[in-house]
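Fold and contact review
Take a look at the letters that make up each chain.
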Amino acid sequence: PGILSFIAGKKKTMTGPVYVVLNKIPGEINESTEIFIGIPVNDLSGIPAEKAMPIKASSYYRMEANASPGEGLKAHSDLQRSLEKNKLAFNYPVLETYRETQNSEMVQILSKTILYYPKK
């Protein structure tokens, strides 16, 4: 709600879903990793630099995993191993987003994690 209120207050238009931005590969389960959580908007003008993270256009390696938000560490490890095995290099930042699904009672459940690793 805080991010949505900020976007509305700045009169910006959302252009995508919530993303988690990582400038470091996630480590062990008990290791902390600094992340940036944001929603893409149509224009960054008027938004303070500390509240925005510009992401350059790029081609990405994409992986979809059965993981809820915050539980994608294994998916990151699997994708990194696959990229290394195939000698494919990647850049930062790494992006993580989520796909919503609904159960039989039409309650939304976030059950898919989608990882994007920029191609080098």
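Our subject is the structure listed above.
A brief structural summary. A quick note: this is a predicted structure, and the numbers were derived from the prediction, not measured.

Counted under the stated rule, the structure contains four aromatic pairs. Seen in terms of ring centroids, Tyr60 and Tyr116 are 5.9 Å apart; in terms of plane orientation they differ by 80 degrees. Their pairing is edge-to-face. Pair noted here: Tyr60 is in strand β3 (residues 60–65) and Tyr116 is in strand β5 (residues 108–118), with a separation of 56 residues, a long-range link. Centre to centre, the rings of Phe90 and Tyr92 are 5.8 Å apart; their planes meet at 70 degrees, and the pair counts as edge-to-face. What makes Phe90 buried here is its relative accessible area of 16%. Through a chain of ring-to-ring contacts, three or more aromatic side chains come together here, namely Tyr19, Tyr60 and Tyr116.

Inspection of every chain in the model, using the stated rule, returns five salt bridges. With its nearest N and O atoms 3.3 Å apart, the salt bridge here joins Lys12 to Asp43. One end of the pair, Lys12, is in the loop between α1 (2–9) and β1 (19–22); the other, Asp43, is in the loop between β2 (35–38) and β3, and 31 residues separate them in sequence. The buried category is assigned to Lys12, whose relative accessible area is 15%. A relative accessible area of 34% places Asp43 in the partly exposed class. Put simply, Asp78 and Arg81 hold a salt bridge, and the shortest N to O gap is 2.6 Å. Within this pair, Asp78 and its partner Arg81 are both found in helix α2 (residues 73–85), separated by three residues, close to a single helical turn. Note on Asp78: relative accessible area 24%, which makes it partly exposed. One salt-bridge network, in which partners are shared between bridges, spans Arg62, Glu64 and Arg99.

Our focus in this paragraph is the nonpolar core. The tendency in soluble globular proteins is for nonpolar side chains to be buried as a group. Within the largest apolar cluster, 13 residues are counted, with the highest numbers of intra-cluster contacts made by Leu79, Leu83, Phe90 and Tyr117. Breaking this core down by element, the ones donating at least two residues are β1, β3, α2, β4 (94–102) and β5. Leave out the neighbours within four places in its chain, and Tyr117 touches Ser59, Tyr60, Tyr61, His76, Leu79, Gln80, Leu83, Phe90 and Val94.

The next point concerns the environment of Ala67. Looking at the secondary structure, you find Ala67 in the loop between β3 and α2. Classification of Ala67 as buried rests on a relative accessible area of 8%. When the C-alpha atoms of Ala67 and Thr113 are compared, they prove to be 5.4 Å apart, with 46 residues separating the residues in sequence.

How each quantity is defined
- Per chain, residues are indexed from 1 in the order of the written sequence.
- Selection of residues for local features in this predicted model requires a pLDDT of at least 70, selection of side-chain atom pairs for listing and counting requires 80 or more, and totals for whole chains, interfaces and linings are taken over all residues.
- Only hydrogens and water are set aside; all other atoms, that is, all heavy atoms of the structure, feed into the side-chain values.
- When two rings of Phe, Tyr or Trp (its six-membered ring) have centres within 6.5 Å they constitute a pair, described as stacked for plane angles under 30 degrees, edge-to-face for angles over 60, and tilted for the intermediate range.
- Each helix is a run of DSSP H or I of at least 4 residues and each strand a run of E of at least 2, with the numbering of both proceeding from the N terminus.
- Accessible area is worked out with a 1.4 Å probe on protein chains only. A residue is then buried under 20% of its type maximum, exposed over 50%, and partly exposed in between.
- Here, a salt bridge means any Lys or Arg side-chain nitrogen found within 4 Å of an Asp or Glu carboxyl oxygen.
- For our purposes a nonpolar core is just a set of buried Ala, Val, Leu, Ile, Met, Phe, Trp, Tyr and Cys residues, chained together by side-chain atoms within 4.5 Å.
- For this analysis, residues touch if any pair of their heavy atoms sits within 4.5 Å.

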